[in-house]
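# Descriptive analysis of the structure
Okay, here's what each chain looks like letter by letter:
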Amino acid sequence: MSSVYFKSILEKRNQWLEEQIRQMSVDILSLGTYTCTVCGEVLGEYIIDYSGETIRLSGAETYAFLKFVVETELHP
């Protein structure tokens, strides 16, 4: 696989991941869960306020955490 293709697919994956995080962040606002999506763009990590606790996670961890919250609390 060429490195140009690999770089292109990773960039597309990163854009998809950021969009998924943004959308889920909006979806779970009603639960009182807040995600700093700007942090992900600047620092590569996201800060999440969940049930009064603040956690800092990587993009992949943030996606997994938000997906878990959506599936277990928003749409149980």
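The next subject is helix α3 (residues 59–74). The complete set of buried residues in α3 reads Gly 59, Thr 62, Phe 65, Leu 66, Val 69 and Val 70. Summarising the axial view, the buried residues of α3 lie within an arc of 135°, below the 170-degree limit, and thus occupy one face. Check the buried side of α3 and you find it contacts α1 (3–27), β1 (34–36), β2 (45–50) and β3 (53–58).

What follows is about the nonpolar core. In a soluble, globular protein the nonpolar side chains are often hidden away together inside. Counting 11 residues, the largest nonpolar core consists of Leu 17, Ile 21, Met 24, Ile 28, Tyr 46, Ile 48, Leu 57, Phe 65, Leu 66, Val 69 and Val 70. At the level of elements, α1, β2 and α3 are the ones that each hand at least two residues to this core. Broken down by element, the residue count for this core peaks at 4 residues, all from α3. The residues touching Phe 65, leaving out its near neighbours within four places in the chain, are Ile 48, Tyr 50, Ile 55 and Leu 57.

As for its position among the elements, Ser 25 is in helix α1. With residues up to four places along the chain from it excluded, the contact list for Ser 25 reads Thr 33, Thr 35, Thr 37 and Leu 66.

Our next topic: the confidence of the model for the chain. On average, residues of the chain score 92 in pLDDT, and 99% of them reach the 70 mark or higher. Ranking the helices and strands of the chain by mean pLDDT puts α3 first, with 96, and helix α2 (residues 37–43) last, with 80.

Moving on, we come to the packing of aromatic side chains. Applying the stated rule across the entire model yields 2 aromatic pairs. Aromatic side chains Trp 16 and Tyr 63 sit 5.6 Å apart centroid to centroid with 50° between the ring planes, which places their arrangement in the tilted category. Taken as a pair, Trp 16 in helix α1 and Tyr 63 in helix α3 lie far apart in primary sequence, 47 residues in all. We classify Tyr 63 as partly exposed; its relative accessible area is 21%. Relative to Phe 65, the ring of Tyr 50 has its centre 5.2 Å away and its plane inclined at 90°; by these criteria the two rings are edge-to-face. Linking Tyr 50 in strand β2 with Phe 65 in helix α3, this pair joins segments that are 15 residues apart in sequence.

Glancing now at the pattern of salt bridges. Scanning all chains against the criterion turns up 4 salt bridges. As a salt-bridge pair, Glu 19 and Arg 22 come within 3.4 Å of each other at their nearest N and O atoms. One end of the pair, Glu 19, and the other, Arg 22, are both in helix α1, 3 residues apart, so they sit about a helical turn from each other. Since its relative accessible area comes to 40%, Glu 19 is described here as partly exposed. One salt bridge in this structure joins Glu 71 and Lys 67, with 3.4 Å as the shortest N-O distance. Here the residue Glu 71 and the residue Lys 67 both occupy positions in helix α3, the gap between them amounting to 4 residues, near one helical turn. Connected through shared salt-bridge partners, Glu 18, Glu 19 and Arg 22 make up one network.

Calculation rules
- Residues numbered from 1 in each chain as written.
- Predicted model: local features only at pLDDT ≥ 70, side-chain atom pairs only at ≥ 80, totals over all residues.
- Heavy atoms only, no water.
- Buried < 20%, exposed > 50% of the residue type's maximum accessible area, 1.4 Å probe, protein only.
- Helix = DSSP H or I, 4+ residues; strand = E, 2+ residues; numbered from the N terminus.
- Arc of directions from axis to C-beta.
- Contact = heavy atoms within 4.5 Å.
- Core = buried A, V, L, I, M, F, W, Y, C linked by side-chain atoms within 4.5 Å.
- pLDDT = per-residue confidence, 0-100.
- Phe/Tyr/Trp six-rings, centres within 6.5 Å; stacked < 30°, edge-to-face > 60°.
- Salt bridge = Lys/Arg side-chain N within 4 Å of Asp/Glu carboxyl O.

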